[in-house]
Every structure is written in C-alpha cells, then in structure tokens.
Amino acid sequence: MAVRQSLAFLSGQGDMPPRTRGGGISSAPRRRPTGSELRRRVQLRDVEPAVDRDPVEQPQHDRDEIEEVFEGVPGGPIDGSILRSFHNHVTAKIWLGEDRAPLKLVNHGAKLQLWELDTERSRIYETVHRSGLAPLTSCSHRVASRPMLSAFCERWQPETTTFHLPFGEMTITLDDVASILHIPVTGSMISFAQPLRVDDANALLVELLGTTDIEASRETEQCRSPSVRLLWLRDHFSAITDVSSDDDIEFATRAFLLHLVGCTLFADKSATSVAVVYLELFRDLSMVGSYAWGAACLAYLYRQLTTATRFEVRQLGGYLTLLQAWIYEHFPEMFSSPDLSYTESRPRALHWRPHMILDSLQSVRERLDRLQISDVCWDPYVDHRAEHPFPDIAWYSGCIKYGLVVEPYHPKRVLRQFGYIQTIPPRPFTPPRPDRSILLDQHWERWTDHVLTDQSQGRRCQYSGSGESVAEYMAWYDRISHRIVQPPQMRSGFTIDARSSLPSHAASTSDTRNARALTLLRHVIFGGREQSLDFFWGALNQAHSILAGSDETSASHSTPSPAPASHSTPSPATRPFFSPPTFVYPPPASVDPPPLIVPPPPVTVAPPAPVADPSAPASDSTQSTIVYVRSKRKKKT
C-alpha cells in the first residue's frame, strides 16, 4: 500500500504518504497489528490480499511491518519473523524498565501424601498400576523453587515452544517426560468433544462416582465451575478399603485417579480443585493405560508456560515437578542436589532432592544470562538407558494435544538434546484449530510416518554431550532471539542513577567478582567432607581475594611466569559463570594469609563479693565463693 502511494506521488496523482518514526513511508490511516493477528496472519484493512508465495522469501514491505512491531524494545530480535508476539512478552517489559515478581506456583506434592494406597487398598493400587500412572504417586516434589522456575519461564517463547538461552534453544521433549516420570508417552490422544457444562458435570459425578444429585450440585456450586475440590475427593473416598463393595471400590478408584491427575499432570491455577471432565477418561478403567498421558502432560505444561510469559500473569500451573526435574537434569551445577540413594530403576524425578533457592529472581536471571554450552548436560540419561530405553516417538514432529489445547512439538530445534549437531531449523508451524481434533488424532496415531528422517536429523556430535552446532547457527540465532533477559542497567540491584555515580568498570567488575566468589564457594560446599583443610583454606583465601579485588595478585603467584592478560577481570557477557574454579592451594609461602578480624572478648560483670562470715573458718577465696552460691540457692528453695 505504501509503495503504491509513493509511486502515485511521484507521478503527480496523489499526496505524499506520512512517514514512520524511523523515516520510512507508511499508509494512513494505519494501526499496529496485535500479536494474535500476526500469529494467525490476519489481513489488516490496509494490507493487500494474500497471494501464494514462498514463506521464506517474503516481500520487503511485509518484513518491515513485522520488524516494526519490535521497534523500541531494546535487546529484542532483529528479525521479527519468528517471535512475532515478542512485544507482549514479559522479557520485553523487563527491558523497558518494568519488572515482575516471582510467579506464584501451584504445587500439590504434599497433598499426594494425604491419600496413600497402603496394603488395605491393594485393589485400588492394582488398577492404578495398570493405568501407567502409579509412578506419579511417589515422584512429585514437595518443594518448588519460585525464582528458578520464574526465571526459566521468562525464557519460554510461545512460537517455538522452547526456552531461548544465550547459546541456543532447549525444550522439554517426550524423552524427558518418559525418563523423568516413567509414564506412557504413546497411545491415544486425550480428547474432549467440547467444554463441560455444570449440569453435565453433575451427571458425571452421579454416574461415575456414585454421589447424589444434591451432593454433586452443592460441590460444583461451591467451586463455581464444573470442578470438584481435592479435599472433597479425599473426604468422601479415601476411607474405602478392600473390604468395601465392588461398586464402592470402583468409585474410589476413579476418585483417586481424578485426584492424582489434578495434583500432578493437570494442576490448574485454582490450587484447590480439579475439572470433572477428566472422569470421562476413567469411565472404562481397563482403558486408562491406553492414553498417551506423557504427551498430554507436556502439551498442558507448554500452554501454562505460554500463558505465564504475559507480563500481567502472576501464577504458573502445570506439573512443576516435570519442569523442575528437567532443570536439575540439564543444569546440574546450578541448583541441583542429588540423592545418593537413587537407583536407575526409579523415575529420574527421584534422582534429586528439591530445595528452596535462596537467590533472588534477579540473581537467577543473571546466572542464566552467563550460561554457556559447557554448563549444560546434554544427555543426562546415559546411565538410565539400560532400564528405560530411548523412546522413538521423541523424534515425532507435529502437534501434541490435551483436550482442546494443541501445541507444536519441534525436535528439529533442539537436535543437541538428542546428540546431533544443531542446524538452522525451519520456521515453526502454526498449530491447527482444536476443532480439527480428528485429523490431529489420526496424525498422532500414525506418528511413525511423521518422525524426523535420518537426513533431517543430520550428523551426530563428535563427542557425546558436546552440544555442537553449525558455524552459521549462532549468527542466525542472534538475529531471531532475545538472548539476555536482565538489562545491563539493572544488574545486581543497581539503579541507573547509582550506576552512573560509579566508575565505568565498577558495575561490571563487582558483578563478576560476586559471581566468581559464589561459584568458588559452591564447589567447596558441595565437594564433600573428604577434602583436606588446605583445600578449604586455599578456597576461602581465594574467595576473599576475589571479593577484595586482589585476585590478580594471587593468580600471579600460581604460575612461574607473569600473569597474562587473561587474568584481568572479564565482563559477565564474555566470561563463563560456571567454569570450574582454579584453586590456589596450598597457598605460596611468600603470600601471607589475609588478616583475621578477631572480635573483642565479651565483657563480663563479676558478681559482688560475698560478705565474709566472721564465725566461718578461714578458707581461700574460691571456697568462700562456692559456699556463698550454695547458701543463696538454699535460701531460694
């Protein structure tokens, strides 16, 4: 449109069209396209009718309109053809000066222990075991780290369904789900014909759980939705044992499975209830094991992460044990604490001892901004393959579905997680509408026809877990991604005004010193008790030198030659944050240890001297004091 107006102006048949902020020519009137319009490729009123063209080679004016969406967002993608809705992303708001607190997490790990299947409920456990969902009863984490999960959520991009990290993309694959949870990832897709109404939910409760109409209506009214409370399920069905009737055991089994998926796979933001629509999946208890529960859980978590990337969202749902265990597996040096009693026959979620991260969200952002390829464990399940082989369906390229939620699954974008060299992936495809569920189900059932071929997989990495990529990958990734989340002017709690009063090198060097010292101390803490005292003393001495700014002196004594230029403090963007530290121990004899600050001894007030009894025999001062104390205690009693 703008091109036609410009030609008309040059030929004298029209007026000069207005210019944009960047000096270009645009049409009038004009409005900025929204993110949903860009994703769905809705044609605006000032855009020409669509014609068939190569999706890669688009006309220049189309690319200009897309890139204009990212105008004014510092640090944003240069090429806006991939992350089309980035202007609505929480990271874009952070770079514009706004910030968001850590997300509120929905985690039901503790509630699962309120309804356990013991020997008195063996008949219920047998049905749950045949369904393939039994591992969920024991592998859920009771603790979830808000700063860690919030920081990774900020790196999620809805268009690619991947985490955009400084070195490339990563995501949770079907292989991760199968290894971490040990639930089936193959089988029938979980489909719902339409959203459930309250009246239909009441009918399902009466039919499949054996409740009365009054009880069902009262419960859905209290939830104000076609849902039931998790507490209500435990109160009504947890007391049923093997001595109960067959109907009661069948009702209790459905209630337990509904409670289980509501606490794990499909945990919603209500934090207290579960949708009644899942009861349809448990109508025939012999068919529960035929569903692809892992794929449905992954699609549901993808959607929850996508929703949480909007700046106004303050809560994160989904099965957070899967997300947290995935972070522990692939970034073991960051937050994880392994369980030494773990055996490979159990789900990998039990390999870790979850704990609260004391770091702030801002600190975790900066740690992720410093990540490098060497900090990632690309194949954490090497020892696990003997007990749980690699599922071929992880190579499936298409859509995964949960009810009416459809999400794209792109293994081509994360080839390094499969041990292959990462190449430039094709454009992410837009998932079809949920109403075309029959076609999606047929596509999933023939998943063997839609896996990546050997040619699409490419070449294997030369070394296992090296995370290699082609030479042009990073240049392409820099153009289409947003690699750094924390703006430079907001690092380490400094405001813009505070940083302007510091020397030019103070802001960057202080961040780097803190990071290096924390890394050093982390290796000391998790190194075990077998290390010598010289090791601890040398590590603490070097950490002190780093924080004091005299680490260059210590480094110069560790080598016979003068310290090279590499010993100078690098910037956080160039130095790896989690590189193994070089301990200087035992310290050189010519270097004196840092002086210890000894606190002054506490001032004690002596008790008043006892009055000497003239009738008592002469004794030394110690005996007289003891006699005085004893006599005082006797008087009190």
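In this text, all values refer to a predicted model and were calculated from it rather than measured experimentally.

Quick notes on the rules
Residues numbered from 1 in each chain as written. Predicted model: local features only at pLDDT ≥ 70, side-chain atom pairs only at ≥ 80, totals over all residues. Heavy atoms only, no water. Helix = DSSP H or I, 4+ residues; strand = E, 2+ residues; numbered from the N terminus. Buried < 20%, exposed > 50% of the residue type's maximum accessible area, 1.4 Å probe, protein only. Contact = heavy atoms within 4.5 Å. Areas by Shrake-Rupley, 256 points an atom, 1.4 Å probe, with all protein chains shown as cover. Pairing = 2+ DSSP bridges. Axes fitted to C-alpha atoms, helices over the stretch in contact; angles between N-to-C directions. Parallel < 35°, antiparallel > 145°, perpendicular 65-115°, else oblique. Nonpolar A, V, L, I, M, F, W, Y, C, P; charged D, E, K, R; others polar. Phe/Tyr/Trp six-rings, centres within 6.5 Å; stacked < 30°, edge-to-face > 60°. Lys NZ or Arg CZ within 6 Å of the ring centre and 35° of its normal. Salt bridge = Lys/Arg side-chain N within 4 Å of Asp/Glu carboxyl O. Core = buried A, V, L, I, M, F, W, Y, C linked by side-chain atoms within 4.5 Å. Polar contact = N/O pair within 3.5 Å; in protein donor to acceptor, adjacent residues only side chain to side chain. pLDDT = per-residue confidence, 0-100.

### Describing the overall build of the protein chain
Then, in step 1: Helix and strand counts for the protein chain stand at 22 helices and nine strands.
Then, in step 2: Taking all 637 residues of the protein chain together, the buried fraction comes to 46%.
Then, in step 3: Of the contacts formed within the protein chain by residues at least 6 apart in sequence, a portion of 74% connects residues at least 24 apart.
Then, in step 4: Of the accessible surface of the protein chain, which amounts to about 32,500 Å², a share of 55% is contributed by carbon and sulfur atoms.

### Quick word on the sheet that holds strand 2 (residues 156–157)
Note: strands within a sheet are paired through backbone hydrogen bonds, in either parallel or antiparallel orientation.
Then, in step 1: Spatial strand order, 2-3-4: three strands in an open sheet with antiparallel pairing. At either margin of the open sheet sits one strand with a lone partner, and together these are strand 2 and strand 4 (168–170).
Then, in step 2: Where strand 2 meets strand 3 (residues 162–165), two bridges bridge the pair, whose relative direction is antiparallel. Bridge pairing links Trp156 to Phe163 in strand 3.
Then, in step 3: Strand contacts of helix 17 (residues 473–480): strand 3 and strand 4, with the helix running at about 80 degrees to strand 4, the strand carrying the most contacts.

### Considering the packing of helix 6 (residues 146–153) against helix 13 (residues 320–330)
Then, in step 1: At a minimum axis distance of 11 Å, the contact between helix 6 and helix 13 shows a crossing angle of 85 degrees. In terms of orientation, helix 6 lies roughly perpendicular with respect to helix 13. Taking contact as the criterion, the partners of Met148, Leu149 and Phe152 in helix 6 are, on helix 13, Leu320, Leu323, Gln324, Trp326, Ile327 and Tyr328.
Then, in step 2: In terms of residue class, the contact of helix 6 with helix 13 is built from eight nonpolar, one polar and no charged.

### Remarks on the packing of aromatic side chains
Then, in step 1: Per the stated rule, a full pass over the model turns up 28 aromatic pairs.
Then, in step 2: Pairing Phe192 with Tyr278 gives two aromatic rings, centres 6.1 Å apart and planes at 55 degrees, and the pair type is tilted. With Phe192 in the loop between helix 7 (174–181) and helix 8 (198–209) and Tyr278 in the loop between strand 6 (273–275) and helix 12 (293–308), this pair connects stretches of sequence that are 86 residues apart.
Then, in step 3: Ring pairing ties together the aromatic residues Phe192, Phe266, Tyr278, Phe282, Tyr291, Trp293, Tyr300 and Tyr402, which thus form one cluster.
Then, in step 4: Positioned above the aromatic ring of Phe311 is the side chain of Arg314, whose terminal nitrogen or guanidinium carbon lies 5.4 Å from the ring centre.

### Thoughts on the environment of Val405
Then, in step 1: Tracing the backbone shows Val405 in strand 9 (residues 405–409).
Then, in step 2: Residue Val405 is classed as buried on the basis of its relative accessible area of 14%.
Then, in step 3: Counting along the chain gives 102 residues from Val405 to Arg303, while the straight-line C-alpha distance between them is 7.5 Å.
Then, in step 4: Beyond its immediate stretch of four places on either side in the chain, Val405 contacts Ala299, Arg303 and Ile400.

### Concerning helix 13
Then, in step 1: Extensive coverage of helix 13 is indicated by the burial of eleven of its eleven residues.
Then, in step 2: For helix 13, the complete set of buried residues consists of Leu320, Thr321, Leu322, Leu323, Gln324, Ala325, Trp326, Ile327, Tyr328, Glu329 and His330.

### Quick notes on the pattern of salt bridges
Then, in step 1: Overall, the coordinates contain 22 salt bridges when judged by the stated rule.
Then, in step 2: Between Glu219 and Arg229 there is a salt bridge, with the nearest N and O atoms lying 2.9 Å from each other. Here Glu219 is found in helix 9 (residues 213–223), whereas its partner Arg229 is found in strand 5 (residues 227–229), with ten residues between them in sequence.
Then, in step 3: When its relative accessible area of 2% is taken as the criterion, Glu219 is described as buried.
Then, in step 4: For Arg229, a relative accessible area of 25% translates into the label partly exposed.
Then, in step 5: Within the structure, one salt-bridge network assembled from shared partners comprises Asp99, Glu154 and Arg365.

### A look at the nonpolar core
Where a protein is soluble and globular, its nonpolar side chains tend to be buried together.
Then, in step 1: In this structure, Tyr278, Phe282 and Trp293 are the most contacted members of the largest nonpolar core, which totals 117 residues.
Then, in step 2: Looking at this core, the element that brings in the most residues is helix 12, giving eleven residues.
Then, in step 3: Once you skip the residues sitting within four places of it in the chain, Phe282 turns out to touch Arg254, Leu257, Leu258, Val261, Val288 and Trp293.
Then, in step 4: Counting eleven residues, the second largest nonpolar core, distinct from the first, contains Ile82, Val470, Tyr473 and Tyr477.

### Some remarks on helix 6
Then, in step 1: In terms of burial, helix 6 is a largely internal element, seven of the eight residues being buried.
Then, in step 2: Listing the buried residues of helix 6 in full gives Pro147, Met148, Leu149, Ser150, Ala151, Phe152 and Cys153.
Then, in step 3: The inward-facing, buried residues of helix 6 abut strand 1 (104–105), strand 2, strand 3, helix 12, helix 13 and helix 14 (361–369).

### Description of the pairing of strand 9
Then, in step 1: For strand 9, the buried fraction is high: five of the five residues fall into the buried class.
Then, in step 2: Side-chain alternation along strand 9 places Val405, Glu407 and Tyr409 on one buried face and Val406 and Pro408 on a second face that is also buried.
Then, in step 3: Note: strand 8 (residues 398–402) against strand 9, five bridges, orientation antiparallel. Looking across to strand 9, one finds that Tyr402 is bridged to Val405.
Then, in step 4: Counting the residues between successive antiparallel strands, the hairpin from strand 8 to strand 9 contains two residues, one of them, Gly403, with a positive phi of roughly 60 degrees.

### With respect to the environment of Gly109
Then, in step 1: Among the secondary structure elements, Gly109 is positioned in the loop between strand 1 and helix 5 (122–131).
Then, in step 2: The exposure class of Gly109 is buried, given its relative accessible area of 5%.
Then, in step 3: Sequence spacing of Gly109 and Val143 is 34 residues, and the spatial spacing of their C-alpha atoms is 7.4 Å.
Then, in step 4: Excluding anything up to four places from it in sequence, Gly109 contacts Ser140, His141 and Arg142.

### Considerations on the side chain of Asp369
Then, in step 1: Topologically, Asp369 is positioned in helix 14.
Then, in step 2: Residue class for Asp369 comes out buried when judged on its relative accessible area of 6%.
Then, in step 3: There is a polar contact of 3.1 Å between the side chain of Asp369 and the backbone nitrogen of Val485.
Then, in step 4: A polar side-chain atom of Asp369 sits 3.1 Å from the main-chain amide nitrogen of Gln486.
Then, in step 5: Apart from residues lying up to four places away in sequence, Asp369 is in contact with Arg155, Pro166, Arg483, Ile484, Val485, Gln486 and Arg491.

### Side note on the side chain of Ser131
Then, in step 1: Position of Ser131 among the secondary structure elements: in helix 5.
Then, in step 2: Among the polar contacts made by the side chain of Ser131, one reaches the main-chain carbonyl oxygen of Val128 at a distance of 2.5 Å.

### Remarks on the confidence of the model for the protein chain
Then, in step 1: When pLDDT is averaged along the protein chain, the result is 77; 67% of the residues meet or exceed 70.
Then, in step 2: Of the regions scoring below 50 in pLDDT, residues 1–30 engages in 43 contacts with residues more than four places distant in sequence or in other chains.
Then, in step 3: The low-confidence segment residues 616–635 (pLDDT under 50) makes two contacts with residues lying over four places distant or belonging to another chain.

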